[in-house]
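What follows is each chain in one-letter form.
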Amino acid sequence: MPDLDLHRDPGSTGLADMLRAAGVVPVVEIDDAAMALPLAAALLDGGIACVEITFRTGAAAEAIAAIRRGVPGMLVGAGTVLSADQVDVAREAGAAFLVSPGSGPAVVRRAAEAGVPIIPGACTPTEIQAARDAGCRLVKFFPAEAAGGVAYLRALSGPFRDVGFVPTGGIDASNLAAYLAVPGVVACGGSWLVRREWIAAGDLASITDAAHAAAAIVAAARAG
Ligand code: 3PG
């Protein structure tokens, strides 16, 4: 496997630094690619310069490409990447990073071959260790709340000192600060920042408000 430095030491890599700066990764399910630019702009207005467009809809690749072209300041990744083919589609669309709910070896391997950093899902010590063995230094701790929440993640972070965590699943403004306080957490993912119904209704103000509230929580967590 190629030695991809973006997969490595979460303390110093470009991707980890960018995710840490954002503090949150809005997880988006988009039906109409035409909404990609407005929703990215709404997040930026709220102070969040990162977004994950999931491959749960047919509009994902077009939405990623649109954000990549139209919002240069935005870190855009592809989420719910479940197959090696989707790795290729995401790379061609310009995704800066990939996220997967699990650590499927075919997906992780193709991402490494394509030179796109991947954040594979892992929620047990064995899964985290396997992802680490595959060269990944960032993992999506998923499903965070259902798997055991903050206390469980804190226990996991003890032995995995060189792994950066992106907890996702059941996180919102009410528990974001608690997750950000866990050692090793670089950012928290979640759909609460860009609800599907807000996109459908063109409710950009709610996206900006949620981003703004999250950015304030991240800033407070980083300061404290
Ligand atoms: C994901 O795909 O990352 C999760 O479904 C997001 O979980 P959430 O909807 O609980 O934030």
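About the cut-offs
- Residues numbered from 1 in each chain as written.
- Predicted model: local features only at pLDDT ≥ 70, side-chain atom pairs only at ≥ 80, totals over all residues.
- Heavy atoms only, no water.
- Pairing = 2+ DSSP bridges.
- Helix = DSSP H or I, 4+ residues; strand = E, 2+ residues; numbered from the N terminus.
- Buried < 20%, exposed > 50% of the residue type's maximum accessible area, 1.4 Å probe, protein only.
- Contact = heavy atoms within 4.5 Å.
- Phe/Tyr/Trp six-rings, centres within 6.5 Å; stacked < 30°, edge-to-face > 60°.
- Lys NZ or Arg CZ within 6 Å of the ring centre and 35° of its normal.
- Near = heavy atom within 4 Å.
- Polar contact = N/O pair within 3.5 Å; in protein donor to acceptor, adjacent residues only side chain to side chain.
- Areas by Shrake-Rupley, 256 points an atom, 1.4 Å probe, with all protein chains shown as cover.
- Core = buried A, V, L, I, M, F, W, Y, C linked by side-chain atoms within 4.5 Å.

Draft legend 1. Region of the structure containing the sheet that holds strand β5 (residues 118-119). The strand order across the open sheet built from 6 strands is β5-β4-β3-β2-β1-β8, with neighbouring strands paired in parallel fashion. One side of each edge strand has no neighbouring strand; the edge strands of this open sheet are β5 and β8 (188-190). Sheet analysis places strand β4 (residues 97-99) next to β5, joined by 2 bridges and oriented parallel. Opposite Leu-98, over in β5, you have Ile-118 as the bridge partner.

Draft legend 2. Focus on helix α3 (residues 60-70). Restricting attention to buried positions, one finds in α3 the residues Ala-60, Ala-63, Ile-64, Ala-65, Ala-66 and Ile-67. On its buried face, α3 is in contact with α2 (36-45), β2 (50-54), β3 (75-79) and α4 (84-93).

Draft legend 3. Quick look at the packing of aromatic side chains. One pass over the full model with this rule turns up 1 aromatic pair. Their ring planes at 45 degrees and their centres at 5.8 Å tell us that Phe-141 and Tyr-152 sit as a pair that is tilted. Taken together, the residues Phe-141 in the loop between β6 (138-139) and α7 (144-147) and Tyr-152 in helix α8 (residues 149-157) connect sequence positions 11 residues apart. Tyr-152 gets classed as partly exposed once you look at its relative accessible area, which sits at 27%. Geometry around Phe-142 places Lys-140 over its ring, the cationic atom sitting 4.5 Å from the centre. Directly above the aromatic system of Trp-198 lies the positively charged group of Arg-195, at a separation of 5.8 Å from the ring centroid.

Draft legend 4. Representation of the site of the ligand in the model. The full set of residues close to the ligand is Val-27, Arg-56, Lys-140, Phe-142, Thr-168, Gly-169, Gly-170, Gly-190 and Ser-191. Here Lys-140 contributes a side-chain N or O atom positioned 2.6 Å from an oxygen atom of the ligand. Gly-170 places a main-chain nitrogen or oxygen 2.8 Å from an oxygen atom of the ligand. Calculation on the ligand without its partners gives an accessible area of 320 Å², and the protein chains cover 78% of this total.

Draft legend 5. The arrangement of the nonpolar core in detail. Core analysis: the biggest nonpolar cluster contains 68 residues, and Ile-53, Leu-98 and Leu-176 have the highest contact counts within it. It is helix α11 (residues 204-223) that provides the largest number of residues to this core, a total of 7 residues. If sequence neighbours within four positions are ignored, Leu-98 has contacts with Ala-78, Val-81, Val-87, Ala-90, Ala-111, Val-116, Pro-117, Ile-118 and Ile-119. With 14 residues, the next largest nonpolar core counts Leu-75, Phe-97, Val-99 and Ile-119 among its residues.

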